[in-house]
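# Topology and contacts: notes
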Amino acid sequence: MSERAAPYHCPYCGDEDLRPNEEGHGAWECAACNRAFRLKFLGLLASGLRRTGGGGNRPDDFEGSAA
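Every value quoted in this text rests on a predicted model; they were computed, and no experiment measured them. (Residues numbered from 1 in each chain as written. Predicted model: local features only at pLDDT ≥ 70, side-chain atom pairs only at ≥ 80, totals over all residues. Heavy atoms only, no water.)

## Observations concerning the overall build of the protein chain
A count of helical and extended segments in the protein chain gives zero helices and five strands. The buried share among the 67 residues of the protein chain stands at 16%. A fraction of 8% describes how many contacts in the protein chain between residues 6 or more apart in sequence connect residues 24 or more apart. Summed over all atoms, the accessible surface of the protein chain reaches about 5800 Å², with 49% contributed by carbon and sulfur. (Helix = DSSP H or I, 4+ residues; strand = E, 2+ residues; numbered from the N terminus. Buried < 20%, exposed > 50% of the residue type's maximum accessible area, 1.4 Å probe, protein only. Contact = heavy atoms within 4.5 Å. Areas by Shrake-Rupley, 256 points an atom, 1.4 Å probe, with all protein chains shown as cover.)

So, in C-alpha cells, the structure goes:
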C-alpha cells in the first residue's frame, strides 16, 4: 500500500474536489465545503472483526474496533 494514497471524497461533505494542503503530509483541503483535514493510517487491527453470530448485518453483530 502506498503511503501517498489520496482520499477520493471529503469526509465532511462527500465532494471530490480535494487538493493537498500546505500543512504537510496527509493534509487535504476540500474546495466544496472549505474544510481542511488530515488523514493518518494508524495500522492494522490485531484481531480484525469477528462475527458474534446471528447472521445479520447490523453493526452490533460484530466485535472489534472499526478504524
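## Here we look at the environment of histidine 25
Mapped onto the elements of the fold, histidine 25 is located in the loop between strand 1 (18-20) and strand 2 (27-30). When the C-alpha positions of histidine 25 and leucine 39 are compared, they lie 8.6 Å apart, and in sequence the two are 14 residues distant.

## Regarding unusual backbone geometry
Note on backbone geometry: most residues besides glycine have negative phi, and most peptide bonds are trans. Positive phi values are uncommon outside glycine, yet asparagine 34 reaches one of about 60°. Note that asparagine 34 resides in the loop between strand 2 and strand 3 (35-38). Its relative accessible area of 73% is what places asparagine 34 among the exposed residues.

## What about the side chain of asparagine 21?
Of note, asparagine 21 is situated in the loop between strand 1 and strand 2. If we skip the residues at most four places from it in the chain, asparagine 21 touches Ala27, Trp28, Glu29 and Ala36.

## Focus on the pairing of strand 3
One face of the sheet, then the other: side chains in a regular strand alternate in exactly this way. The sheet contact formed by strand 2 and strand 3 spans four bridges and is antiparallel. Bridge assignment links cysteine 30 to a residue of strand 3, and that residue is arginine 35. Connecting strand 2 to the next strand, strand 3, in antiparallel fashion are four residues, including asparagine 34 with a positive phi near 60°. (Pairing = 2+ DSSP bridges.)

Purely geometric stuff here, so don't read any function into it on its own.
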